[in-house]
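A look at the structure
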Amino acid sequence: DQFVEVYSLGQLAPGPNMLMVQVIGERVAGIPGAFVALFAFFLPASALTYATGKLWDRLDGWPWRESIQRGLAPISIGLMLAGTITIAKIAVTDPRTIAMAAAVTAVLLWRKVNPAYLILACALLGFLVLRTA
């Protein structure tokens, strides 16, 4: 339950939604834990991204470059889908949460809506409908 709450807050926060790792670090080990989690999560990925970007710029005009880009698109979609399924396994637990998930999916497929509004709506609905007395 705490993970779903932290994840939802991470989705609402401006900037990278993975800032939730900082909140998890804070909950586990206080302020020092927040900084350790933040740097441990972002520093290696940032260094790798920087190095890859430099290499990618040097490979401009390379015949395989566009093929690699096209091959990475389905991988990116698959990774996003895997993350969605992982979160759904935790958050979708009964018919009410299934209905909420289905409604959010339908709205996102039907209209271009900021997901933060849907998260807020589901948080309010969840508070009103799912809380235990």
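Note that the coordinates shown come from a computational prediction; the quantities given were computed from them, not determined experimentally. Here, residues in each chain are numbered from 1, in the same order as that chain's written sequence. Where totals are concerned, whole chains, interfaces and linings use all residues; where local detail is concerned, this predicted model gives features only for residues with pLDDT of at least 70, and gives and counts side-chain atom pairs only at 80 or more. Excluding hydrogens and water, the side-chain values take into account all heavy atoms of the structure.

Scanning the protein from terminus to terminus reveals 5 helices and 0 strands. For helices the rule is a DSSP run of H or I covering at least 4 residues; for strands it is a run of E covering at least 2, with both sets numbered from the N terminus onward. When the helices and strands of the protein are listed from N to C terminus, the series reads α-α-α-α-α. The principal-axis extents of the C-alpha atoms in the protein amount to approximately 60 × 40 × 25 Å. Here the Shrake-Rupley method, with its probe set to 1.4 Å, supplies the accessible areas, and only the displayed protein chains count as covering residues. Surface summary for the protein: the accessible area is close to 10,300 Å², and the carbon and sulfur share equals 70%. All tallies of charge rest on Lys and Arg as positive and Asp and Glu as negative; His and the ends of each chain are not included. Positions of charges follow a simple convention, taking NZ of Lys, CZ of Arg, CG of Asp or CD of Glu. For the protein, the distance from the average position of its 10 positive side-chain charges to the average position of its 7 negative side-chain charges is 5 Å.

Looking now at the pattern of salt bridges. Throughout this description, the term salt bridge denotes a Lys or Arg side-chain nitrogen within 4 Å of a carboxyl oxygen of Asp or Glu. Counted according to the given criterion, the structure contains 3 salt bridges. Among the ionic pairs, D60 bridges to R65, the shortest N-O distance being 3.4 Å. Note that R70 is salt-bridged to E66, the shortest N-O span being 2.8 Å. Of this pair, R70 and E66 both sit in helix α3 (residues 65–91), 4 residues apart, which is roughly one turn of the helix. Here the term buried applies to any residue with accessible area under 20% of the maximum for its type, exposed to any over 50%, and partly exposed to those in between, with areas from a 1.4 Å probe on protein chains only. The class of E66 is partly exposed, set by a relative accessible area of 45%.

With that out of the way, let us pick up a nonpolar patch on the surface. On the surface, a cluster of nonpolar side chains totalling about 630 Å² of accessible area is made up of W62, W64, I68, L72, I75 and L79. Turning to its location among the elements, L72 is positioned in helix α3. The partly exposed category is assigned to L72, whose relative accessible area is 44%. Two distance rules govern patches: like charges are joined within 9 Å, and nonpolar side chains (Val, Leu, Ile, Met, Phe, Trp, Tyr) within 5 Å, applied only to residues with over 30% relative accessible area and no salt bridge.

Lines fitted to the C-alpha atoms define the axes, with helices restricted to the stretch that makes contact. Angles between their N-to-C directions range from 0 to 180 degrees. Where helix α4 (residues 95–110) meets helix α5 (residues 115–129), the closest approach of the two axes is 11 Å, and the angle between their N-to-C directions is 160°. In terms of orientation, α4 and α5 fall into the roughly antiparallel class. Between α4 and α5 lies a crossing whose hand is right-handed. Within the contact between the two elements, α4 uses R96, M100, V104, V107 and L108 and α5 uses P115, L118, C122, L125, G126 and V129. Residues that form the contact of α4 with α5 fall into these classes: 9 nonpolar, 1 polar and 1 charged. If an angle is under 35 degrees, it is roughly parallel; if it is over 145, roughly antiparallel; if it lies from 65 to 115, roughly perpendicular; otherwise it is oblique. By definition, turning the near helix anticlockwise from the far helix through less than a right angle yields a left-handed crossing, and turning it clockwise yields a right-handed one. In this description, contact between two residues means that some pair of their heavy atoms is separated by no more than 4.5 Å. Ten residue types, Ala, Val, Leu, Ile, Met, Phe, Trp, Tyr, Cys and Pro, are classed as nonpolar, four, Asp, Glu, Lys and Arg, as charged, and the remainder, Gly among them, as polar.

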